[in-house]
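What follows is the residue order along each chain.
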Amino acid sequence: MRTQVAIIGSGPAGLLLGQLLDCYGIDNVILERKDREYILGRIRAGVLEQGTVGLLEEAGVAERLHRDGLVHDGVELCFGGSRYRIDMKAATGGKTMVVYGQTEVTRDLMDARLKVGRETIYDAGDVSLHDFGTDQPKVRYVKDGKTREVACDFIAGCDGFRGVSRLSVPTEAIRMFERIYPFGWLGILSDTPPVSPELIYTNHERGFALCSMRSATRSRYYVQCTNDDHVDNWSDDRFWDELRRRLDPKAAAGIVIGPSIEKSIAQLRSFVAEPMRFGRLFLAGDAAHIVPPTGAKGLNLAASDVRYLSHALREFYNERSHAGIDGYSSKALARVWKAERFSWWMTSMLHRFPDTDEFSARIQLAELNYLVSSQAATAAMSEQYVGLPY
Ligand code: APR
Ligand code: PHB
């Protein structure tokens, strides 16, 4: 088989890239090691920056998002037993976010791909990348017991943190930066109305908590847990009790509890690989970087990589110019590092670390107090939360 761009991975990064390339008339094939149902079973964050929404519009997949997504103008911060609202729309001259689950974004992109008839090869085993140092790269995979090959002009490694693309690069050609946090997030999904119309990020001496949502009738809540914790240790009752203890009295009293329909623990990690281009291989999304979920930047960063990469490839095919592909890595990384810093900062300000002593707890509270009382600090947080310009 031959195509112009072979995309590894059918997560949001690979799917969005495939859809944009299709819009630009660039042929592409997606190779995915799992199947559609498996991918749609993963629950992830759900806050879209305005720029991400714009990109989904450009890709022609924003109809359901505009119908079912919830437009949010701000978030709430809860600390010291009180809640404070950050009006991000006011602080950014009118920018907003849309709360819409990543699983739904993925579903919309998969449906759109089916409609335009571009190929996705699911259950592609043993994917391997070859000759991306030349102008005739190839990808091999095993399907139904047979080894097959895709010849292409470019390979896009959109295969997430544990994918094969980054691992295919010679170790001397890549540098990695990483921080693993000494805690995780225990999350539950429940078909109960959200406690508040906006997200609540909480700093509490028992640990971080977050109240989020998927719709007017479906809530998503998180509490900070230890890295060695297990979901089996958390009955629904224990979860609701712990969440309530970390919230202000009004929110604690207002929580509507119900059975969880999903419960999972996520580890928190910051990670960046540099560069993001190796000859004719490009990394995009989680394959190149991970942020802790505090700030909800993961999907949005994947989208900004894909924006830069799709434009670079369009420039290559339409204008025969290498400028876009040559500049991709440094352009993407500049934005990635700013979001890495923002996510690390929010994580540091809101969580209890094993070495958080009374001094550092007071410093966190001072920072939060400053944040909600200074226009400059509110503006700085807001412009990053709603998404820095591309
Ligand atoms: N071969 C083929 N496909 C692979 C391989 C492989 N060796 N390894 C991984 N994949 C697939 C995975 O099965 C997955 O479907 O690549 C896809 C990667 O998707 P994601 O992990 O969702 O990564 P990405 O598309 O970059 O999405 C970024 O996901 O984790 C969140 O916070 C993150 O929201 C952000 C978004
Ligand atoms: C979520 O809704 O899952 C969510 C929202 C905001 C975050 C992280 C996760 O910062």
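Residues numbered from 1 in each chain as written. Chains lettered and ligands numbered in written order. Predicted model: local features only at pLDDT ≥ 70, side-chain atom pairs only at ≥ 80, totals over all residues. Heavy atoms only, no water.

### A word on the environment of I200
Filter applied, for reference: Secondary structure elements are defined from DSSP: runs of H or I of at least 4 residues count as helices, runs of E of at least 2 residues count as strands, and each element is numbered from the N terminus. Three labels apply to residues, based on accessible area from a 1.4 Å probe with only protein chains included: buried if under 20% of the type maximum, exposed if over 50%, partly exposed otherwise in between. Note on definitions: a residue-residue contact is assigned when non-hydrogen atoms from the two residues lie within 4.5 Å.
Here I200 shows up in strand 14 (residues 200–202). According to the relative accessible area criterion, I200 is buried, its value standing at 0%. Placed 126 residues apart in sequence, I200 and G74 show a C-alpha to C-alpha distance of 9.9 Å. Apart from residues no more than four positions distant in its own chain, I200 is found in contact with E76, C78, R83, V195, A209, L210, C211 and A251.

### So, the sheet that holds strand 9 (residues 125–130)
Note the cut-off: Strand pairing is assigned whenever DSSP detects at least two bridges linking the two strands. Note on geometry: axes are C-alpha line fits, over the in-contact stretch for helices, and angles between N-to-C directions span 0 to 180 degrees.
Ordered by their spatial adjacency, three strands build an open sheet running 9-10-11, and the pairing between neighbours is antiparallel. Single-partner strands in this sheet number two, and they are strand 9 and strand 11 (146–151). On average, each strand axis in the sheet is inclined to that of its neighbour by 20°, with strand direction left out of account. Bridge analysis of strand 9 against strand 10 (residues 138–143) gives four bridges, and the strand direction is antiparallel. By the bridge assignment, G125 is partnered in strand 10 with V142.

### Description of the pairing of strand 1 (residues 5–8)
Here strand 1 shows two buried faces, one formed by V5 and I7 and the other by A6 and I8. The sheet contact formed by strand 1 and strand 2 (residues 28–31) spans four bridges and is parallel. Directly across from I8, in strand 2, lies its bridge partner L31. The pairing of strand 1 with strand 12 (residues 154–157) spans four bridges and is parallel.

### Regarding the site of ligand 2
Which entries qualify depends on this criterion: Nearness is judged by heavy atoms alone; a residue qualifies as near a molecule or strand once a single heavy atom is within 4 Å of it. Here a polar contact is taken to be a pair of N or O atoms separated by no more than 3.5 Å, where protein atoms must pair a possible hydrogen donor with a possible acceptor and residues adjacent in sequence count only if both atoms sit in side chains. Accessible surface is estimated by sampling points in the Shrake-Rupley manner with a 1.4 Å probe; for residues, cover comes only from the protein chains shown.
Around ligand 2, the surrounding shell holds 14 residues, and the nearest of these are Y201, S212, R214, Y222 and P293. Here an oxygen atom of ligand 2 and a backbone polar atom of P293 are 2.8 Å apart. Between ligand 2 and A296, the relevant distance is 3.3 Å, taken from an oxygen atom to a main-chain nitrogen or oxygen of the residue. When isolated, ligand 2 has an accessible area of 280 Å², and the protein chains bury 100% of it. Secondary structure elements with two or more residues in the shell around ligand 2: strand 15 (209–215) and strand 16 (218–225).

### Here we look at the packing of helix 9 (residues 298–319) against helix 10 (residues 323–350)
Note the threshold: By definition in this entry, angles of less than 35 degrees are roughly parallel, angles greater than 145 are roughly antiparallel, angles of 65 to 115 are roughly perpendicular, and the rest are oblique. Crossings are sorted by hand: turned counterclockwise from the far helix by less than a right angle, the near helix makes the crossing left-handed, and turned clockwise it makes it right-handed.
Put simply, helix 9 and helix 10 touch, their axes get as near as 9 Å, and they point 165° apart. The angle between the axes of helix 9 and helix 10 places the two elements in the roughly antiparallel class. In this structure, the crossing between helix 9 and helix 10 has a hand that is right-handed. When helix 9 is examined against helix 10, the residues N300, L301, S304, D305, Y308, L309, A312, L313, E315 and F316 are found in contact with a partner set consisting of A323, G324, I325, Y328, K331, A332, R335, V336 and A339.

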